[in-house]
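Structural overview for review
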Amino acid sequence: MAESQNAVVIEDDPDIRELIREVLEQAGFTVLTAGTGADGIALIEAHDPLVTTLDVSLPGMDGFETARRLRAFSNTYIVMLTARAE
């Protein structure tokens, strides 16, 4: 198989991160997870995922800045997600 079947989930909420991980695993992906943008970038550099889900509202480096940094070296598909209580 030419393309990686890895996926990276970058999400600070553990419950949402676990839900996304389960869905992607059921779809056949090997899933790696991170709770911060910096940790997610490191995973993407190391594993070259086909797809990355990225929370918009991450603490510290937000999802938009994380996406900008990812695009400097990766062509992973990025799915931006957000959930707001307010």
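As a starting point, this report considers the structure included with it.

Rules and cut-offs
Residues numbered from 1 in each chain as written. Predicted model: local features only at pLDDT ≥ 70, side-chain atom pairs only at ≥ 80, totals over all residues. Heavy atoms only, no water. Pairing = 2+ DSSP bridges. Helix = DSSP H or I, 4+ residues; strand = E, 2+ residues; numbered from the N terminus. Axes fitted to C-alpha atoms, helices over the stretch in contact; angles between N-to-C directions. Contact = heavy atoms within 4.5 Å. Right-handed = clockwise from strand over helix to strand, strands pointing away. Buried < 20%, exposed > 50% of the residue type's maximum accessible area, 1.4 Å probe, protein only. Polar contact = N/O pair within 3.5 Å; in protein donor to acceptor, adjacent residues only side chain to side chain. Salt bridge = Lys/Arg side-chain N within 4 Å of Asp/Glu carboxyl O.

**Some points on the sheet that holds strand β2 (residues 30-34)**
Taking strand neighbours across the sheet as the criterion, the four strands line up as β2-β1-β3-β4 in an open arrangement whose pairing is parallel. Of all the strands in the sheet, the pair left with one neighbour each is β2 and β4 (77-81). When strand polarity is set aside, the average angle formed by the axes of neighbouring strands in this sheet is 15°. Across the sheet, helix α1 (residues 14-26) lies against β1 (6-10), β2, β3 (51-55) and β4, angled at about 165° from β2, the strand it touches most. On the sheet, helix α3 (residues 63-71) packs against β1, β3 and β4 and is oriented at approximately 175° with respect to β4.

**Digging into the pairing of β2**
Sheet topology note: the β1/β2 ladder contains five bridges and is parallel. When the sheet's bridge partners are listed, I10 is paired in β2 with A34. Handedness of the crossover is the feature at issue here: the chain leaves β1, passes through α1, returns alongside β2, and the resulting connection is right-handed.

**Structural notes on the side chain of T76**
If you trace the backbone, T76 turns up in the loop between α3 and β4. Given a relative accessible area of 1%, T76 falls into the buried group. Within the local environment of T76, its side chain forms a polar contact with the backbone oxygen of L50, the two atoms lying 3.4 Å apart. The contact partners of T76, leaving out residues within four places of it in the chain, are P49, L50, V51, T52 and R71.

**Topic: the pattern of salt bridges**
Going through the model one piece at a time under the given rule, you end up with four salt bridges. With its nearest N and O atoms 2.3 Å apart, the salt bridge here joins E18 to R21. On the criterion of helical spacing, the pair formed by E18 and R21 is a turn pair, its members being three residues apart in helix α1. R68 serves as the salt-bridge partner of E65, at 3.1 Å between the closest nitrogen and oxygen. In this pair, E65 and R68 both sit in helix α3, three residues apart, roughly one turn of the helix. Under the relative-accessibility criterion, E65 is labelled partly exposed at 24%. On the basis of relative accessibility, which here comes to 52%, the residue R68 falls in the exposed class. Three or more residues are tied together by salt bridges with common partners; here these are E18, R21 and E25.

**Overview of the environment of T33**
Its place among the elements puts T33 in strand β2. Apart from the residues within four sequence positions on either side, T33 is in contact with V9, R17, R21 and L43.

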